[in-house]
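Structural characterization, general
The residues making up each chain are set out below.
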Amino acid sequence: MVSNDGGASRSMAQSVQPLVKPAEQLAKRDALLARLRTIYDSKEILTESAQLAPFESDALTAFHETALAAVFPRTTEEIAATVRACYELDVPFLARGSGTSLSGGSLPIPGGLLIVLSKMNKILEIDLENLRMVVQPGVVNIWVSREVAAHGLYYSPDPSSQIVCTIGGNIAFNSGGAHCLKYGMTSNHILGMKVVLPDGEIVDIGGKSLESPGMDLCGLMVGSEGLLGIATEITLRLMPKPESVKTVLASYDQLEKAGQAVGDVIGSGLLPVALEIMDRLAIDAAEAAVHAGYPPDAQALLIVELDGPAAEVAPQFETLIETLRRSGASKLVIPATEAERARIWKGRKAAFSAVGRISPDYLVQDGVVPRNKLGRALREIERLSQVYGLRVANVFHAGDGNLHPLVLFDNRVPGQLQKAEQLAGEILKMCVDLGGSITGEHGIGVEKLPYMTYQFDESDMSMMYAIRNSFDPKGLSNRGKMLPSQNPERPSPHGPHPLEREGVIQRF
Ligand SMILES: Cc1cc2nc3c(=O)[nH]c(=O)nc-3n(C[C@H](O)[C@H](O)[C@H](O)COP(=O)(O)OP(=O)(O)OC[C@H]3O[C@@H](n4cnc5c(N)ncnc54)[C@H](O)[C@@H]3O)c2cc1C
């Protein structure tokens, strides 16, 4: 959730009752700080509440917590020594990238240590021959493509937050972006990693090759939301920039027609690199923020992009235009220059943050439905919007069926936040009921904890707990995220979910 209320919604966050006595906690804190002083310069250890305040939340600002302390390692060895100290003293810890998580993934753990990776921001190796790059986790996503642009290369996963979010955060959430339909999400572009395990051991997994022997441990790490350890060196796959890119912006007089056009495009045998939808509210927001020049009368926009060798893309683009015409598009805009194409994408990429221009607060959800259920899902979202009396803007990766409904509300109006939470929860459940998922790319974090057992049955959950326990039997690494606690004495470090407090959902 993103909130523009300057902190008014913070009452949502619940403080945890410490399980250990205050005296014990103080002793533990002192022991940890003493260990940290053997690893870090004093300037790199923050303990004052004013110093820790900037790290209290991530992009889900409704939740906030204060960490016990924050440290800023520069090397794998410093992280390993830090994690070992936490392990020996039973202190939970959390890696933090840029803090752009939309699900509370980088929310501090009460009584826990924040390991901030902003100083681990070096590109360690560029292997142009093999199209590989090795980076530290604090490297910002867009830096990778910028670094190799002169060689005609790029890094494909492109979250809309790519100018700030880090490769470490991308790994934890298996992040995606508008251009992931054809080439895949982060998991398809990470080949190897150095990882500090939750007891401080350093291991190397995967490698530089696309085919690594043995179990796919890299695959296990990607998307595990920091529960299995901290990635400290990451081997990425680079790709040659396509010879040709063709983009079209199609306007529709109804959102449903745009949804149907997605099926028509895929059904025609084309595999676009991007297939994105924005509805009227999202268009209004993007226009207000970046003046993308979108058609003023459109009720929905579809952005479709093809890429590849010029000889292939040219005939495919003709098929695409014909398909969009037949799908009922009222207007097709084909950018003539790179600047015009960039403007179309600027509006789409700015859409989330731009919604702040048309609503004081909003919740962003991240459910997925099978592509052929898109129309039904959009109709249901519209119905729920009317039932709850709250506007919902839709801007999403239509090709993947990855919806991003933005529930608009005003936190100054008593009860609106709770209503918005309920509406967002109903959308997630609808996604599961339609055969989809509660998250496509933003992760479970803290926000979607209560929906895990709506999505997964007992045996799925047991498998995940078993994996977690084999990596981290003490449950220290990013405690309280992704997996609802199994320990009844420690239900959740973040207290009950807001809906749970109202009796709308039950803790599982
Ligand atoms: C405006 C906006 C647009 C967005 N658009 C997209 C989008 O298009 N697609 C998308 O997928 N997401 C999107 N996001 C969400 C967010 O940017 C991504 O989840 C991103 O990957 C988080 O990166 P970060 O560096 O900010 O990580 P943080 O928020 O700091 O951390 C996220 C998680 O990663 C873990 N972590 C961080 N580093 C490591 C590490 N080295 N090893 C292990 N775990 C680690 C943390 O513990 C935490 O659980 C958007 C967010 C915003 C605010």
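This one's a predicted model, so the numbers in the text were calculated from it and none came from an experiment.

Along the backbone of the chain there are 16 helices and 19 strands. Based on the C-alpha atoms only, the size of the chain along its principal axes is roughly 70 × 60 × 45 Å. Counting all 508 residues of the chain, 56% fall into the buried class. Accessible surface, the chain as shown: approximately 20600 Å² in total, 52% of it carbon and sulfur.

In this approach, a probe sized like a water molecule rolls over the atoms, and the result shows the empty space that is left. Computed from the structure, the second largest pocket encloses a volume of approximately 730 Å³. Lining of the second largest pocket is provided by 26 residues; of these, Tyr154, Asp158, Gln162, His179 and Arg341 occupy positions nearest its centre. If you list the elements that add at least two residues to the lining of the second largest pocket, you get helix H4 (141-148), strand S8 (153-154), strand S15 (300-308) and helix H11 (338-354). Ranked by the residues each element gives to the lining of the second largest pocket, the list is headed by H11, at six residues. Considered class by class, the residues forming the lining of the second largest pocket number twelve nonpolar, five polar and nine charged.

Another point: the packing of helix H12 (residues 374-388) against helix H13 (residues 416-433). Contact geometry of H12 with H13 gives a least axis separation of 10 Å together with a crossing angle of 160°. When the axis of H12 is compared with that of H13, the two are roughly antiparallel. Note that H12 runs across H13; the crossing there is right-handed. Across the interface between the two elements, Ala377, Glu380, Ile381, Leu384, Ser385 and Tyr388 of H12 pack against Lys419, Gln422, Leu423, Glu426, Ile427 and Met430 of H13. Of the residues that constitute the contact of H12 with H13, the class distribution is seven nonpolar, two polar and three charged.

One open sheet holds the five strands; their spatial order is S6-S7-S11-S9-S10, and the pairing between them is antiparallel. Edge positions in the sheet fall to strand S6 (123-127) and strand S10 (202-206), since each of these pairs with one other strand and no more. For this sheet, the mean inter-axis angle between neighbouring strands, taken without regard to orientation, is 10°. With six bridges joining them, strand S9 (residues 190-196) and strand S11 (residues 230-237) adopt antiparallel strand pairing. Across the sheet, residue Val196 finds its bridge partner in S11, namely Ile230. Contacting S6, strand S7 (132-135) and S11, H4 runs over the sheet at an angle of about 40° to S6.

Not every one of the 35 residues close to the ligand is listed here, only the nearest: Ala95, Gly97, Thr100, Ser161 and Thr166. In the environment of the ligand, an oxygen atom lies 3.4 Å from a nitrogen or oxygen atom belonging to the backbone of Gly169. Here a nitrogen atom of the ligand sits 2.9 Å away from a polar atom, N or O, in the main chain of Ala231. In the complex, 95% of the free accessible area of the ligand, which totals 980 Å², lies under the protein chains. At the level of elements, strand S4 (93-96), helix H5 (167-173) and S11 are the ones that each hand at least two residues to the shell around the ligand. A per-class count over the shell around the ligand returns 13 nonpolar, 19 polar and three charged. Two domains each donate at least three residues to the shell around the ligand, and these are domain 1 (2-116) and domain 2 (123-240).

Let's shift gears to the packing of aromatic side chains. Aromatic rings in a pair are described by how distant their centres are and how their planes are angled relative to each other. Throughout the structure, instances matching the rule amount to one aromatic pair. Across the ring face of Tyr454, the terminal group of Lys429 is positioned such that the distance to the ring centre comes to 5.5 Å.

Another point: the side chain of Arg96. Mapped onto the fold, Arg96 is located in strand S4. Buried within the structure, Arg96 lacks any salt-bridge partner; its nearest side chain of opposite charge belongs to Asp58, at an N-O separation of 5.8 Å. Polar contacts involving the side chain of Arg96 include one to the main-chain carbonyl oxygen of Phe55, which spans 3.4 Å.

Moving on, we come to the pairing of strand S14 (residues 274-279). Within S14, six of the six residues are buried, leaving the element largely enclosed by the surrounding structure. Residues Ala274, Glu276 and Met278 of S14 are buried on one face, and the alternating residues Leu275, Ile277 and Asp279, pointing to the opposite face, are buried as well. Where S14 lies against S15, six bridges are found, and the strand directions are antiparallel. Within the sheet, the bridge partner assigned to Leu275 lies in S15 and is Val304.

Cut-offs used in this document
Residues numbered from 1 in each chain as written. Predicted model: local features only at pLDDT ≥ 70, side-chain atom pairs only at ≥ 80, totals over all residues. Heavy atoms only, no water. Helix = DSSP H or I, 4+ residues; strand = E, 2+ residues; numbered from the N terminus. Buried < 20%, exposed > 50% of the residue type's maximum accessible area, 1.4 Å probe, protein only. Areas by Shrake-Rupley, 256 points an atom, 1.4 Å probe, with all protein chains shown as cover. 1 Å grid on protein atoms, 1.4 Å probe; cavity = no way out; pocket = protein on both sides within 12 Å on 5 of 7 lines; lining within 4 Å. Points joined across faces, edges and corners; volume = space filled by probe spheres on them. Nonpolar A, V, L, I, M, F, W, Y, C, P; charged D, E, K, R; others polar. Axes fitted to C-alpha atoms, helices over the stretch in contact; angles between N-to-C directions. Parallel < 35°, antiparallel > 145°, perpendicular 65-115°, else oblique. Left-handed = near helix turned anticlockwise from the far one by under 90°. Contact = heavy atoms within 4.5 Å. Pairing = 2+ DSSP bridges. Near = heavy atom within 4 Å. Polar contact = N/O pair within 3.5 Å; in protein donor to acceptor, adjacent residues only side chain to side chain. Domains from an automatic or database assignment. Phe/Tyr/Trp six-rings, centres within 6.5 Å; stacked < 30°, edge-to-face > 60°. Lys NZ or Arg CZ within 6 Å of the ring centre and 35° of its normal. Lys, Arg positive; Asp, Glu negative; His and termini not counted. Salt bridge = Lys/Arg side-chain N within 4 Å of Asp/Glu carboxyl O.

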